[in-house]
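# Reading the structure
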Amino acid sequence: MVLCLCMAHLSFAQGKFLKKLFSNEKDTTRKSSYMPIPVFGYAQETGFEFGLGSIYSFYVDKADTNNRSSNFFGAASYSTKKTYNVTFRGDAWTKRNELHFISEIRFKNMPFNFYGIGNNTAHDDEDKLVQRMFKVQLDAEKAFAKNTYTGISVGFENYRFKDSEPGGIYATGNNMYDKDGGSAFFIGVSQSYDTRNSNNYPTTGFFGRISYQYAPNIFGGENFSGSQIKVNLRNFWLLAPKVVLGVQALYHTVQSKNTSFYLLPQLGNDEMMRGYYGGRYRDENLFATQAELRYRFMERLGLVLFGGTGKVFANDDFDLKNFKPNYGIGGRYFFDPAKGLSVRIDYGVGEKRPNEKRQSGFYISFAESF
């Protein structure tokens with residue numbers, strides 16, 4: 001009898017959990033939310049990788065319906081070949097959205113594939129390296145006018161590399177600088193204009209941000225000294241009650257007499273140019289653009305179609321040729337429908353170069369790509 005009662009209680013609890021998991025209702029209490037997801041994978045270089053990622057979201061001012069949600073994301077993983085990857089990102093808004101704080105801390109010791117520099121690197125040149133990286137980036141912005149934010153930033157990056165396969169393009173390439181790694185300390189300013197109706201799942205509005213960072217020569221040697229500029233533009237339109245069109249354009253340039261190869265902008269990640277291995281193409285400049293059609297057919301479920309194009313190029317080598325395509329499909333599970341926070345699953349496809357397999361990638365992430 002006791003066993004039957006326990007099984008009945010467990011079945012009832014599971015039923016309530018599943019009902020809540022796929023409920024089509026929004027929680028209008030503006031309470032905080034937390035969502036964990038496991039990290040698990042396998043690659044020949046790393047072995048079995050396992051860990052945990054999570055996101056915590058809350059409102060600083062629950063009474064103010066215009067107050068944007070503050071979101072904190074963390075993930076940590078470890079592999080059977082003793083590699084590790086730790087990431088923390090914060091996006092915090094104060095009352096009346098007067099101050100905005102952005103933070104990123106990353107620490108990893110992971111293998112990665114290096115293919116050289118340029119927009120037309122070859123898969124046959126794949127060279128396996130081990131990268132140890134530590135990065136800290138802190139931004140603070142203040143609203144001096146409606147929808148307009150002016151900010152300052154500081155950042156520090158340190159890299160070290162080990163060549164797992166001596167004799168490859170990493171060792172023989174003659175257009176690379178600071179091969180063993182180094183450090184850079186950045187100070188910068190930013191200016192943004194933001195009319196989006198949500199910072200998590202916007203359906204209308206415009207976002208534009210330009211940032212400039214300078215790294216003084218304080219470490220000497222081959223350590224990086226120079227500047228970088230990033231321009232990020234987005235716009236959103238509500239085409240129908242459940243359909244949103246979003247577009248984004250991104251430009252990133254790093255300028256120096258001798259730019260460390262590891263700081264060169266890289267094409268491909270889980271947010272822009274999905275389908276390309278991050279670092280397959282890198283150079284002094286990156287330009288990319290994408291469009292995403294979002295269909296949120298339930299409060300907790302949605303589908304996405306996306307496509308875009310982009311390229312990397314040297315300072316004296318920009319033209320309208322050799323832009324690389326990408327396209328794909330994705331699914332969304334909104335674990336906090338009121339805030340528009342989701343777990344994102346995307347599959348992206350890229351170009352097929354001669355005598356190579358078509359490039360592609362599968363991604364599991366928190367929040368929208370842009």
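Residues numbered from 1 in each chain as written. Predicted model: local features only at pLDDT ≥ 70, side-chain atom pairs only at ≥ 80, totals over all residues. Heavy atoms only, no water.

### With respect to the overall build of the chain
When helices and strands are tallied, the chain shows two helices and 18 strands. Computed over C-alpha atoms, the radius of gyration of the chain comes to 22 Å, within 12% of the 21 Å expected from 2.2 N^0.38 for 370 residues, which places it in the range of a compact globule. Structurally, the chain occupies a C-alpha span of about 75 × 55 × 40 Å along its principal axes. Nonlocal contacts in the chain, meaning residues at least 24 apart in sequence, comprise 57% of its contacts between residues at least 6 apart. Accessible surface, the chain: about 19100 Å² in total, of which carbon and sulfur atoms supply 60%. For the chain, the distance from the average position of its 45 positive side-chain charges to the average position of its 36 negative side-chain charges is 7 Å. (Helix = DSSP H or I, 4+ residues; strand = E, 2+ residues; numbered from the N terminus. Rg over C-alpha atoms; globule rule 2.2 N^0.38 Å. Contact = heavy atoms within 4.5 Å. Areas by Shrake-Rupley, 256 points an atom, 1.4 Å probe, with all protein chains shown as cover. Lys, Arg positive; Asp, Glu negative; His and termini not counted. Charge placed at Lys NZ, Arg CZ, Asp CG, Glu CD.)

### Observations regarding the packing of aromatic side chains
As enumerated under the stated definition, the model contains 28 aromatic pairs in all. Between the aromatic rings of Y56 and F58, the centroid separation amounts to 5.6 Å while the plane-to-plane angle is 35°, which identifies the pairing as tilted. Exposure remark for Y56: the relative accessible area of 37% places this residue in the partly exposed category. Centroid distance F107 to F134: 6.1 Å. Interplanar angle 75°. Geometry classified as edge-to-face. One end of the pair, F107, is in strand β5 (residues 99-114); the other, F134, is in strand β6 (residues 127-145), with 27 residues separating them in the sequence. Judged by its relative accessible area of 31%, F134 falls in the partly exposed class. The rings of F112, F114, Y159, F161, Y170, F261 and Y262 are connected pair by pair, giving a single aromatic cluster. Geometry around F306 places R274 over its ring, the cationic atom sitting 3.8 Å from the centre. (Phe/Tyr/Trp six-rings, centres within 6.5 Å; stacked < 30°, edge-to-face > 60°. Buried < 20%, exposed > 50% of the residue type's maximum accessible area, 1.4 Å probe, protein only. Lys NZ or Arg CZ within 6 Å of the ring centre and 35° of its normal.)

### Considering the environment of G348
Within the secondary structure, G348 is located in strand β17 (residues 341-349). Owing to a relative accessible area of 0%, G348 belongs among the buried residues under this scheme. As for G348 and V244, which are separated by 104 residues in sequence, their C-alpha atoms are 19 Å apart. Leaving out residues up to four positions away in the same chain, G348 has contacts with R274, G275, F306, Y327, G328, Q359, S360, G361 and Y363.

### Remarks on the confidence of the model for the chain
Scored by pLDDT, the chain comes out at a mean of 92, with 92% of its residues at no less than 70. With pLDDT under 50 throughout, residues 1-10 is counted as low confidence; its partners more than four residues away or in other chains account for zero contacts. (pLDDT = per-residue confidence, 0-100.)

### Some points on the side chain of S77
Here S77 lies in strand β3 (residues 70-79). With a relative accessible area of 10%, S77 lands in the buried category. If near-sequence neighbours (up to four positions away) are discounted, S77 is found in contact with V39, E49, F50, G51, T83, Y84 and N85.

### Remarks on the pattern of salt bridges
Summed over the entire model, instances satisfying the criterion amount to 22 salt bridges. Two residues, D194 and R196, come together in a salt bridge whose shortest N-O distance is 2.9 Å. Residue class for D194 comes out buried when judged on its relative accessible area of 4%. For D270, the salt bridge is made with R344, and the minimal N-O distance between the two is 3.8 Å. Taken as a pair, D270 in the loop between β12 (266-267) and β13 (281-282) and R344 in strand β17 lie far apart in primary sequence, 74 residues in all. The class of D270 is partly exposed, set by a relative accessible area of 25%. On the basis of relative accessibility, which here comes to 1%, the residue R344 falls in the buried class. Within the structure, one salt-bridge network assembled from shared partners comprises D270, R274, E292, R294, R332, R344, D346 and E368. (Salt bridge = Lys/Arg side-chain N within 4 Å of Asp/Glu carboxyl O.)

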